[in-house]
Amino acid sequence: MRTKILQVGRRLLQALPSVFGIIVISFVLTRALPGDPAVYFAGAMADKVSIEQVRKSLGLDRGWVEQFGIYVDNLAHGNMGMSLSTGRPVSEELLSRLPASIELTLLGLGLAVLVAVPLGVLAATRPGSWIDHLCRLLVTAGVSLPTFFTGLFLIYVFYFLLGWAPSPLGRLDILYLSPPQVTGFYTIDSLLAGDLETFAASLAQLVLPAATLGLFALAPIARMTRAAMLGALASDYVRTAKANGLSRATVLGTYAFRNAALPVLTTLGMVFSFLLGANVLVEKVFSWPGIGSFAIEALVASDYAAVQGFVLSMALLFVAVNLAIDLVLTLVDPRVGLDD
Amino acid sequence: MTTQPLLSVDALSVQFRTREGTVTALQDVSLRVGKGEVLGIVGESGSGKSVTAYTVIGLLGEAGRAVNGAATYDGLALTGAAEKDLRDLRGREISMIFQNPRAALNPIRPVGRQIEDVLLRHAQASRMNVRDKALAMLEKVRIVDPELRYGSYPFELSGGMCQRVMIAMALACDPRLLIADEPTTGLDVTTQKATMDLIRDLTRERHMSVVLITHDLGMAAAYCDRIVVMQKGRVVESASVRDLFVNPTHPYTKKLIAASPGPHSELADLTAVPDELEGAAPPAAPVAPPIPAPAGDDLLEVIDLVKEFPRQDAPGRWPWQKRDPEKAVFRAVDHVSFSLKRGESLGLVGESGCGKSTTSSIITRLLDPTAGDVIFAGENVTSFSAAAFARLPQRRKIQMVFQDPHDSLNPRFTARDCIAEPLRRLLGMSGGREIGARIDELADRVGLPRDLLTRFPHQLSGGQKARVGIARAIAVDPLMLVLDEPTSALDVSVQAVVLQLLDRLKREMGMSYIFVSHDLNVVRLLCERVIVMNRGRIVETGTADEVLNNPREAYTRTLVQAIPHFEPGRL
């Protein structure tokens, strides 16, 4: 147990350099903009006075090291600068939109896992059967169809042709009021408020974008599950389990699947990171008020502080997710951490 | 032996569906195992001995199918039985243990729980007492501190311990038949002996029948009552151990017996029995007159060699506590000194972890020593870094032949490319015709038919791959070959031929050999002098016959005694 705690501690420490690296890169990136960063950050409409003000708040009139100190200090206080397009602090903007993105991403990932893992397992246990072919078809589709196409296609079929889905405009139909904020996830907040109607409405809004993301995420997970499961089923320890007459459920579950789950878990971390990127397009297609669409608007409006804040928070999220996956792996797999 | 056999296999034929069509793996195999009897199934790779076992226990998989014949266990038909019934039988009535025990255990489940799985499955224990029963089994297989080992994962245990756990699982439900498929392949000789003795004791105690599948005639002789010899999916001979060794009737059996190196066999004896079934062996190249070795001249001198590795597993320490520098390193080679004369061959013998491979890697400068010197052909080669040494002219005078003939060949290179590589890199040859002629000459020299040179490794047999590896090593006319277990992955009959080839090449080319091996009987055939190593130190040095027949040290004696062998005269 103590070695496990040591390993977890070591892994946490290993995350620090990447966080520091991210901060350095985001700092250098904005300073590397051609021309005067203060002019960029102040926006197109700024006059001399406001440019000077921005210069001062960014610390651009001082030395590099001092600038970096000010930057880190600002970050430590949650200060990412002001968004030009909305006039509110960037951190506030991001925080208010983050739940929308995370709710969507998690649901998309959840859908993908729910479909992909059983599909991969079934495909591996029955190679060459129809389910194996279905798995291959879905994987190919997931890999080859870009998210904006799938999104538009789903809207066309389920909203325009069939009329099953609500209009793809944001998190909640305008007929409903957003639930009192607790977690920021509308589905959970509405349930907490006991408002089933709003819950159903917010879920209905979520289904299509989540399905779009899910189809994209499904491919790598299903493929990895199938491959890992095939490997585990062909392994010596599964042969031993069979030779000892263990039941099919034990052989498949305890022996094969638990071993196959380890590489799948690693893939999951990667897929989650991809999804954060893919989000940007999906949010745009579904007018989803998440940080992805915020970032695109900021980019179009040359709102540099907002873009910088977005890049920084995405990178930190990447690190956090991979850290979490690694920690889970360390706790699940007794062999982890031996050979480093 | 009673009249009613426990297991009988009658005229069993098994076919596999492959991409190239159906392949017959077993043909008309019949054998019987009496109650309490130990039956050995002996054969080389591809003989169908494992397939027989898998068919009996119902683990053939989707591709294999028994097309004819039957296997019966205690009056119960096994072939054609429903999977559900077989599942009840497996582990309860018939158990099986495998080779490579560490891979055969679930890597992420504590070993105690794996024993419990079997006990619970066959209702041999309830949730209340299953832990006690599993612990009792661990104790039965003589695992020290079973309470502690109960929670261990396979990667934390040695290969021998993993095999003990496998035996504990297999015997947990008191089955009446144990099938052991090469249970000690890959284990050290002393571990092998301990494991086999354990299997023998436990199965005798329970009056169990055992089917021991092995490629090692010596082991079959030591532990079996009766032996079935298989070749290419057929049973060629079946007899009691004594009859088989004293009076073998089938030519293949004779060939196998001759090819198994014993404590008194000579190199020439190994292939004394002509190969009637496969036609004559490829004609050997004309033997050149041996180059007389200039005696008394030291080619290689190893002085006070030390190699230390940092330890990862220094137990129970927090990072801020200071480590004892003595415990922070593992000394793999501990003040080893020896010398090798021109034209001489020296055997490095010992169990895994004794430092023999580390020593040979330092000599070939694949590893840097912690301290000590290696003097090769009058020059101290340890003063060069490994990278710098690779460019020195001495480098090509030392060549290696590796353990696994398959994995040590580039899968995307043909045999010709493999042999051409050192010619290009080390001799700087570039003319296609010149290289081609040299390769043809080398192929003749190692007895590799020239038309096989265009093949890729996977299209060659084990013996042919070994020949490619040897041809590659001798391509640059080295003074010394380091042979790291060159025959341990080969069948005995192939091993016999390869050993003879190595011996002939040594005489023809006047090379010195360092022969690293765990098998004293093999080393004796090829080496004049032997060094026995244990825990990084040299235990004993002497001529091969001295060490093998009259060991001075207790450790060497244990090692020699652990080698299973048969001596027809003493049976």
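Each chain carries its own residue numbering, running from 1 in the direction its sequence is written. Each chain takes a letter, starting from A, and each ligand takes a number, starting from 1, following the order in which they are written. Under the rules for a predicted model, residues below a pLDDT of 70 receive no local features and side-chain atom pairs below 80 are neither given nor counted, while totals for whole chains, interfaces and linings still include all residues. Hydrogens and water molecules were not included; the side-chain quantities draw on all heavy atoms of the structure.

**A word on the overall build of chain A**
Move 1: Secondary structure elements follow DSSP: runs of H or I no shorter than four residues count as helices, runs of E no shorter than two count as strands, and numbering proceeds from the N terminus. Scanning chain A from N- to C-terminus turns up 13 helices and zero strands.
Move 2: Of the regular secondary structure in chain A, the N- to C-terminal order runs α-α-α-α-α-α-α-α-α-α-α-α-α.
Move 3: Projected onto its principal axes, the C-alpha positions of chain A cover 80 × 55 × 40 Å.
Move 4: Whether two residues touch is decided by their heavy atoms; if any such pair falls within 4.5 Å, the residues are in contact. Sequence-distant contacts, at least 24 apart, represent 71% of the contacts inside chain A between residues at least 6 apart.
Move 5: Areas reported here follow the Shrake-Rupley algorithm with a probe of radius 1.4 Å; residue values treat only the protein chains shown as occluding. Counting only carbon and sulfur atoms, one obtains 71% of the accessible surface of chain A, whose full area is about 17000 Å².
Move 6: Charge-centre separation for chain A: the mean point of 22 positive side chains lies 13 Å from the mean point of 22 negative side chains. In summary, the charge assignment counts Lys and Arg as positive and Asp and Glu as negative, without counting His or the chain termini. Here the site of a charge means NZ on Lys, CZ on Arg, CG on Asp, or CD on Glu.

**As for the interface of chain A and chain B**
Move 1: At the interface, 23 residues of chain A touch 33 residues of chain B.
Move 2: In total, chain A and chain B occlude about 2400 Å² of area from one another, counting both sides; carbon and sulfur atoms represent 62% of this.
Move 3: Think of a salt bridge as a Lys or Arg side-chain nitrogen and an Asp or Glu carboxyl oxygen that are within 4 Å of each other. In this assembly, chain A and chain B are joined by zero salt bridges.
Move 4: Residue assignment for the side of chain A that touches chain B shows that the elements contributing at least two residues are α1 (2–31), α10 (236–243) and α11 (248–285) of chain A.
Move 5: Under the convention adopted here, Pro, Cys and the residues Ala, Val, Leu, Ile, Met, Phe, Trp and Tyr are nonpolar, Asp, Glu, Lys and Arg are charged, and Gly plus all remaining residues are polar. Its residues assigned to classes, the side of chain A that touches chain B comprises eight nonpolar, six polar and nine charged. Buried area: the accessible area, evaluated with a 1.4 Å probe, that two parts lose upon being put together, summed over both parts.

**Things to note about the domain arrangement of chain B**
Residues and elements named next belong to chain B.
Move 1: Boundary definitions for the domains trace back to an automatic or database domain assignment. According to the domain assignment, chain B contains domain 1 (37–50 + 83–271) and domain 2 (298–314 + 324–565).
Move 2: A C-alpha centroid distance of 31 Å is found between domain 1 and domain 2.
Move 3: In this assembly, domain 1 packs against domain 2 so that about 2200 Å² is buried in total across both faces, 61% of it on carbon and sulfur atoms.
Move 4: Inspection of the region where domain 1 meets domain 2 yields zero salt bridges.
Move 5: Any pair of nitrogen or oxygen atoms within 3.5 Å is treated as a polar contact; in protein, a donor-acceptor pairing is required on top of that, and neighbouring residues in sequence qualify only through side-chain atoms on both sides. Counting the contacts that link domain 1 with domain 2 gives five residue pairs in polar contact (both at pLDDT 80 or more).
Move 6: Contributions of two or more residues to the side of domain 1 that touches domain 2 are made by α7 (189–205), α8 (217–223) and α10 (251–259).
Move 7: Among the elements that line the side of domain 1 that touches domain 2, the one with the most residues is α7, at five residues.
Move 8: Looking at the side of domain 1 that touches domain 2 residue by residue, the classes come out as nine nonpolar, ten polar and six charged.

**A look at the pairing of strand β11 (residues 298–310) of chain B**
The side chains of a regular strand alternate, first on one face of the sheet and then on the other.
All names here are of chain B.
Move 1: Strands are treated as partners if at least two bridges between them are detected by DSSP. Here β11 runs beside strand β12 (residues 329–341); their pairing, made up of ten bridges, is antiparallel. Bridge pairing in β12 links Lys 307 to Val 333.
Move 2: The sheet contact formed by β11 and strand β14 (residues 371–376) spans five bridges and is antiparallel. Note on β14: the bridge partner recorded for Glu 301 is Ile 375.

**A closer look at α7(B)**
Residues and elements named next belong to chain B.
Move 1: Its 17 residues place the ends of α7 24 Å apart at the C-alpha level, agreeing with the 24 Å of an ideal helix rising 1.5 Å per residue.
Move 2: Among the residues of α7, Val 189, Gln 192, Thr 195, Met 196, Asp 197, Leu 198, Ile 199, Leu 202 and Thr 203 are the ones counted as buried.
Move 3: At the exit of α7 stands His 207, carrying a positive phi of roughly 55°. To estimate the expected span of a helix, subtract one from its residue number and multiply by 1.5 Å. Burial classes: relative accessible area under 20% of the type maximum marks a residue as buried, over 50% as exposed, and values in between as partly exposed (1.4 Å probe, protein chains only).

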